[in-house]
Amino acid sequence: MSKLEIYSSLKDKEESFEQINIDSKEQLDIYIEKYKKEQIKEGLVFRGCPDAKYKLYNSSQRKWLNMELQKLGRTYNEFIKLEINNAKNWQNGLLEKFFNAFGQPAFDISILSFLQHYGAPTPLLDWTYSFENALFFATDGLKLADSDNDIDNYCSIYIINTKWKELTNYLLYVQSGLNQIDKILEKFPKVNSDNEIEKFQNFNYNTLQDIKIAQIPGYKRNGFAFSLRNRPSFNLVWNQQNLNIINQKGLFIFNSSKNRPLEFFFKGETKMVEESPYYLPKIICLNIHKSLYEYIKLKLTKGKRFPINKDYIYPQEEMIANKSFQHFLNFDNLTT
């Protein structure tokens, strides 16, 4: 089996990220306050990882490389497309019927979100709009290291600015494509634009793959609506149908590469990567010493109406059902 590359030390990792090491409670408090204030204003998103040594591979890359899936005679893109189609067609199209029951077609990106939620390999990487949620992910499953290697003693939080012009928002990309169609329809009202509209309307994986690197926004109340001025009957609404992503305040970053971790494409605003058409700044990385685990856990739970813990971050359908009955037995009418 092939093995994924990891960082051998903090010095090694320094070449790939704008890196900051946090070794005290005081330092951590400063950055918690800093990023709680800046996350909305600056459009920041965060990803927490319990081990600093791992590169930002998504789960389909990990499966593809570790299991050497190319030996099955399929390309990486075929692997993703077949996985989407298999999910749609399973048990006589059960998943498509499930989505249709909520008034939404089973778009490819909706299927990918569903697969991500249930642990299937996808080209999506989970991020969150909440710095505190990222702190939870950075400490979830954290194991204190008995190691002389400095990097083994740190967990990490990664930070990307979603307002970076070069980081494509997939939904804005779709609306931009529809706007171009609108301009054509303005000049040529009778032109047959059905095929072009369908490309965007279906949120097909091919359009996502063409972008290479993209952000897919998280859940939004009432969903994201798209319009065509010159086709009043056009109706398109999309939303995340992934239970975890709501409490996690999550979103996805898509990476089309079969073997390059996400940070490979973030080299700095003056340097373009050969395999990417974008100039992306380096990702910020906060390496947090694992000795701060208990302090972080306290910060995420003490005095909070909704403590940021496993029950909050990973809500399960069975848990919702069980808790509703338990609250009745405890004469608890509060929605917690």
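Now for a quick tour of the structure.

Parameters at a glance
- Every residue gets a number counted from 1 within its own chain, in the order that chain's sequence is written.
- Per-residue local features are limited, in this predicted model, to residues with pLDDT of at least 70; the limit for side-chain atom pairs, both in listing and counting, is 80 or more; totals at the level of whole chains, interfaces and linings are taken over all residues.
- As a convention, hydrogens and water are excluded, and side-chain values are obtained from all of the structure's heavy atoms.
- Put simply, DSSP marks the helices as runs of H or I at least four residues long and the strands as runs of E at least two long, and each gets a number from the N terminus on.
- In the analysis that follows, any N or O atom pair within 3.5 Å is treated as a polar contact, provided that within protein one partner can donate a hydrogen and the other can accept it, and provided that, for residues neighboring in sequence, both atoms belong to side chains.
- In what follows, residue pairs with any heavy atoms lying within 4.5 Å of each other are defined as contacts.
- What counts as a disulfide here is a pair of cysteine sulfur atoms lying within 2.5 Å.
- Only Phe, Tyr and Trp rings take part, Trp by its six-membered ring, and two of them pair if their centres are within 6.5 Å. Stacked means planes under 30 degrees apart, edge-to-face means over 60, and tilted covers everything else.
- Only protein chains enter the accessibility calculation, which uses a 1.4 Å probe; a residue is then buried when its area is under 20% of its type maximum, exposed when over 50%, and partly exposed in between.
- Only lysine NZ and arginine CZ atoms are considered, and such an atom sits over a ring when it is within 6 Å of the ring centre and within 35 degrees of the ring normal.
- Throughout this description, the term salt bridge denotes a Lys or Arg side-chain nitrogen within 4 Å of a carboxyl oxygen of Asp or Glu.

The next subject is the side chain of Thr 128. Here Thr 128 lies in strand 3 (residues 124-128). Of note is the side chain of Thr 128, whose polar atom sits 2.6 Å from the backbone oxygen of Gln 248. In terms of polar contacts, Thr 128 uses its side chain to reach the backbone carbonyl oxygen of Lys 249, at 3.1 Å. In this structure, Thr 128 is in contact with Val 45, Phe 46, Asn 133, Ala 134, Gln 248, Lys 249, Gly 250 and Leu 251, ignoring residues within four places of it in sequence.

A separate point is the side chain of Ser 256. Among the secondary structure elements, Ser 256 is positioned in the loop between strand 9 (250-255) and strand 10 (284-289). Each residue touching Ser 256, except ones within four places of it in the same chain, is listed here: Tyr 76, Gln 209 and Lys 212.

Turning our attention to the environment of Leu 167. Along the polypeptide, Leu 167 turns up in the loop between strand 4 (154-161) and strand 5 (168-169). Separated by 75 residues in sequence, Leu 167 and Asn 92 have C-alpha atoms that sit 38 Å apart. Among all residues touching Leu 167, those that are not within four sequence positions of it are Ile 160, Asn 161, Thr 162, Ile 213, Gln 215, Phe 266 and Leu 280.

Inspection of every chain in the model, using the stated rule, returns zero disulfides. Here Cys 49 is not disulfide-linked; the sulfur of Cys 285 is the nearest cysteine sulfur, at 8.6 Å.

Attention now goes to the packing of aromatic side chains. Scanning the entire structure with this criterion turns up 26 aromatic pairs. Relative to Trp 238, the ring of Phe 203 has its centre 6.2 Å away and its plane inclined at 45°; by these criteria the two rings are tilted. Placement of Phe 203 in the loop between helix 8 (194-201) and helix 9 (205-211) and of Trp 238 in strand 8 (residues 236-238) is noted, with a sequence separation of 35 residues between them. When its relative accessible area of 0% is taken as the criterion, Trp 238 is described as buried. Among the aromatic residues, those joined into a ring-pair cluster are Phe 107, Tyr 170, Tyr 173, Phe 200, Phe 203, Phe 224, Phe 226 and Trp 238. The ring of Tyr 35 has Lys 34 sitting right over it, with the charged end atom 5.3 Å from the ring centre.

Let's shift gears to the pattern of salt bridges. Side chains that carry opposite charge are capable of pairing whenever their charged atoms lie near each other. Per the counting criterion, the structure on display carries 12 salt bridges. Here Asp 108 ties to Lys 88 by a salt bridge, and the two come within 2.7 Å at their closest N and O atoms. Taken together, the positions of Asp 108 in helix 5 (residues 108-117) and Lys 88 in helix 4 (residues 76-101) put the pair 20 residues apart, joining distant regions of the chain. Of the two residues, Asp 108 and Lys 88, neither departs from the other in class, the shared state being buried.

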